[in-house]
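Chain by chain, the residues run as shown.
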Amino acid sequence: MILYSFRRCPWAMRARLALRYAGCEVEIREVAMKNKPAELLALSPKGTVPVLDTGAEVLEESLDIMHWALAQNDPQDWRLQADPAAAQQAETLIARNDSTFKAQVNLYKYAERYPEHTREHYRQHAEAWLAELEGLLAGRPYLLATHPSIADAALLPLMRQFAGVEPQWFAEAAYPRVRSWLEGWLASELFRSVMAK
């Protein structure tokens, strides 16, 4: 089983998290995005990562790879099968993260490319999402349960990217629970293992 990945890509990051958590034996091939290997393009002509070749099928979307991995093994119930309402909420959160918040992070991170507004303006637009997550983390260490779920793992990489744009601002911002949640993930053995060079 082979995962075509790029270490810093948030989508590849979450695919690696789910595969490692589920204990899937997978060979990770780091892709140079400016020099994509022929075997990757043969499997997936769009040439983006992550791409998982399971031997039986090819999965080209990070969320599909996460769901596939969790279907193999899910010891902590990342799929939230014990709480169907939370499982549905997870899908909704991930969809918004991958559309609205992704667009906001791009504007914020690359503000010089979008001079219509300031970086601060783009950051403020994203803060409604941080405030919502801050509320979800009230009284528990993870977004939707007392244990990690697919929502945490799926949202983590983009939040890491957002926090890295202005680290000093993020360190002092009025979102202590989001900060603590992110720091906990970044310090975890699971995260460190999938980020090792």
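- Labelled according to an unreviewed UniProt entry, the protein appears under the name Glutathione S-transferase, originating from Pseudomonas oryzicola.

**Describing the pairing of strand 2 (residues 27–30)**
Stage number 1. In this sheet, strand 2 lies alongside strand 1 (residues 2–5) in parallel orientation, the contact comprising 4 bridges. Its bridge partner lying in strand 2, Ile2 is registered against Glu27.
Stage number 2. Running through helix 1 (residues 10–21), the crossover from strand 1 to the neighbouring parallel element strand 2 is right-handed.

**Comments concerning the sheet that holds strand 1**
Stage number 1. As summarised here, the arrangement of the 4 strands in space is 2-1-3-4, forming an open sheet in which the pairing is mixed. Two strands in the sheet have a free side with no partner beyond their single neighbour: strand 2 and strand 4 (58–59).
Stage number 2. In the packing of helix 1 onto the sheet, the strands contacted are strand 1, strand 2 and strand 3 (51–53), and the crossing angle to strand 1 comes to about 150 degrees.

**A short note on the state of the cysteines**
Where two cysteines share a covalent bond between their sulfur atoms, that bond is called a disulfide.
Stage number 1. Overall, the coordinates contain 0 disulfides when judged by the stated rule.
Stage number 2. Free cysteine Cys24: the closest other cysteine sulfur is in Cys9, separated by 19 Å.
Stage number 3. Taking the relative accessible area as the measure of exposure, Cys24 reaches 14% and is therefore buried.

**Looking at the UniProt feature "domain: GST C-terminal" (unreviewed entry) in the protein**
Stage number 1. Look at the UniProt record and you will see "domain: GST C-terminal" (unreviewed entry) annotated at residues 83–197.
Stage number 2. With 74% helix and 0% strand, residues 83–197 has its two end C-alpha atoms placed 36 Å apart.

Cut-offs used in this document
Position numbers for residues count from 1 along each chain, tracking the sequence in the order it is written. A pLDDT threshold of at least 70 governs which residues receive local features in this predicted model, and a stricter bar of 80 or more applies before side-chain atom pairs are shown or counted, although totals over entire chains, interfaces and linings include all residues. Where side-chain values are given, they derive from all heavy atoms of the structure, hydrogens and water being excluded. One bridge is not enough; two strands pair if DSSP finds at least two bridges between them. Each helix is a run of H or I in the DSSP string that is no shorter than four residues. Each strand is a run of E no shorter than two, and both are numbered from the N terminus. Looking down the strands as they point away from you, a crossover is right-handed if its path from the first strand over the helix to the second goes clockwise. Contacts between residues were defined by any pair of non-hydrogen atoms, one from each residue, lying within 4.5 Å. Every angle, taken between N-to-C directions, lies between 0 and 180 degrees, and every axis is a line fitted to C-alpha atoms, over only the stretch in contact when it is a helix. Any pair of cysteine sulfurs within 2.5 Å is marked as a disulfide. Each residue is placed in one exposure class: buried if its accessible area under a 1.4 Å probe, protein chains only, is under 20% of its type's maximum, exposed if it is over 50%, and partly exposed if it falls in between. UniProt positions are given in the numbering used here, feature names are shortened, and annotations may be inferred rather than shown by experiment.

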